[in-house]
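Close look at the chain arrangement
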Amino acid sequence: MAPNVDPYNRKITYLRVSVIDRCNLRCIYCQPVKDLKLLDHADILSYEEILKVIQVATDLGIRKVRLTGGEPLLRRNLLHLVESVCRIPQIEDVSITTNAVLLEEMARPLFEAGIRRINVSLDTLNPLKYAKMTGRECFDAVMRGLQTAEAVGFSPIKVNVVAIRGLNDDELARFADLSVQKSYHIRFIEYMPIGRDSAWAPEKYISSDEIRSKLEALGPLLQVQRSFHDGPAERYRFESAKGEIGFITPLSHHFCPSCNRLRLTADGRLRPCLLADEEVDIKTPLRNGCNQEDLKRVFQEAIARKPKQHHAEILERGECIRPMSTIGG
Ligand code: SAM
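Figured I'd write up the structure that's included with this text. (Residues numbered from 1 in each chain as written. Predicted model: local features only at pLDDT ≥ 70, side-chain atom pairs only at ≥ 80, totals over all residues. Heavy atoms only, no water.)

Considering the site of the ligand
Under the convention used in this document: It suffices for a single heavy atom of a residue to lie within 4 Å of a molecule or strand for the residue to be listed as near it. A 3.5 Å cut-off defines polar contacts: any pair of N or O atoms within that distance qualifies, except that in protein one atom must be a possible hydrogen donor and the other a possible acceptor, and neighbouring residues in sequence count only when both atoms are side-chain atoms. A 1.4 Å probe and the Shrake-Rupley method give the accessible areas. Residues count as covered only by the protein chains that appear here. In this description a helix means any DSSP run of H or I spanning at least four residues, a strand means any run of E spanning at least two, and both kinds are numbered starting from the N terminus. Throughout, the ten residues Ala, Val, Leu, Ile, Met, Phe, Trp, Tyr, Cys and Pro are labelled nonpolar, Asp, Glu, Lys and Arg are labelled charged, and all others, Gly among them, are labelled polar.
Not every one of the 17 residues close to the ligand is listed here, only the nearest: Tyr 29, Gly 70, Glu 71, Ser 121 and Met 192. The contact in question runs from an oxygen atom of the ligand to an N or O atom on the side chain of Tyr 29, over 2.9 Å. At 2.5 Å, a side-chain N or O of Ser 121 approaches an oxygen atom of the ligand. Protein burial of the ligand: of its 550 Å² of free accessible surface, 95% is covered by the chains. Elements with a contribution of two residues or more to the shell around the ligand: strand 3 (93-98) and strand 5 (157-163). Of the residues belonging to the shell around the ligand, the class tally is 6 nonpolar, 9 polar and 2 charged.

Here we look at the sheet that holds strand 6 (residues 185-190)
Using the following cut-off: DSSP-based pairing: two strands are paired if at least 2 bridges between them are found. Residue contacts follow a heavy-atom distance rule, with two residues in contact if any of their heavy atoms lie within 4.5 Å. A fitted line through C-alpha atoms serves as each axis, taken over the contacting stretch for helices, and the angle formed by two N-to-C directions is quoted from 0 to 180°.
Reading across from one edge, 7-8-9-6-5-4-3-2-1-10-11-12 is the order of the 12 strands in this open sheet, with mixed pairing throughout. A strand with exactly one partner marks an edge of an open sheet, and here the two such strands are strand 7 (221-223) and strand 12 (280-281). Both strand 1 (residues 14-18) and strand 10 (residues 261-264) contribute to a ladder of 4 bridges, which runs parallel. Considered in strand 10, the bridge of Arg 16 is made with Arg 263. Contacting strand 5, strand 6, strand 7, strand 8 (234-238) and strand 9 (244-248), helix 7 (residues 208-216) crosses the sheet at an angle of about 160° to strand 9.

Quick look at the pattern of salt bridges
So the rule is basically this: By definition, a salt bridge exists where a carboxyl oxygen of Asp or Glu is found within 4 Å of a side-chain nitrogen of Lys or Arg. The classification of residues rests on relative accessible area computed with a 1.4 Å probe and restricted to protein chains. Under 20% of the type maximum is buried, over 50% is exposed, and intermediate values are partly exposed.
The full count for this structure, using the stated rule, is 23 salt bridges. The shortest N-O distance in the salt bridge between Asp 93 and Arg 117 comes to 2.6 Å. Highlighted residues: Asp 93 in strand 3 and Arg 117 in strand 4 (residues 117-121), separated in sequence by 24 residues. What makes Asp 93 buried here is its relative accessible area of 6%. Taking relative accessible area as the criterion, Arg 117 reaches 6% and is therefore assigned buried.

Laid out in structure tokens, this is it:
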């Protein structure tokens, strides 16, 4: 069996790397409101350590890397890491997920360092609601960041929207209109029960099917052909739209059978499944001076531990106690 195939015959080709646990926003659905414990700096993997893990991962067949966090743009000298990852010949795709608060100044350097694809998290187009949902008045900075990313040439620019009943479900038409006016891919993500203290509750959850039927009332949604870079999003567009609409359905139609991902947390743990807390420690072997072959074995152990599927359900919190901001979405 190939070294990157798990017990359920899934080929693991995608590593999401959380470079930091800190964030400059306090999104109500992401970070616990109280008692957020931040990592000691010494516990966060250094760039050298992250690159060692990525090198091992590429030797085993990883071809795609996404940098995330916390907020990745907060990590000092991030461009050094980006350039180094983009230079690894076997890596075919490097992307980043950001809240875009610092994107206005970082878009061009990120592009020059080699990144072409960017995901921006933006759950509302209303500045007041933005402040309520994120705890910070950064809406204008985010819009400037998006505009700069567009001007610099990022393509596609994906806008991640976590749909929450009673909070932003009155803005579907505005997001639909944004996909018509701009080339952005607006992707509605189902609200997931992540983190013991999260504000998630079944009544706040909205299924992608419900969102889609509300959007279809605005006009026909045409299906878009999937491409190599596509993750689990189902892609659509409105007639004559510059951009697209996507649906990511981790709860209503989970995509576990085609999951090709592993996550590396900022504190050096390989996480086989976003929605299950079982993790494999790779920091200790890294810091104990293990060689490449030993690290490969640790990585393969994480691949071998990928569960067949997650157990989070629409009416259940499931098994994910760790807050999202410390895992890396
Ligand atoms: N700070 C960066 C950002 O905001 O894009 C990257 C980290 S953030 C944890 C990554 C993604 O996870 C964001 O798009 C965020 O909306 C999403 N996310 C966080 N908590 C979530 C939840 N409970 N359900 C669904 N998506 C969530």
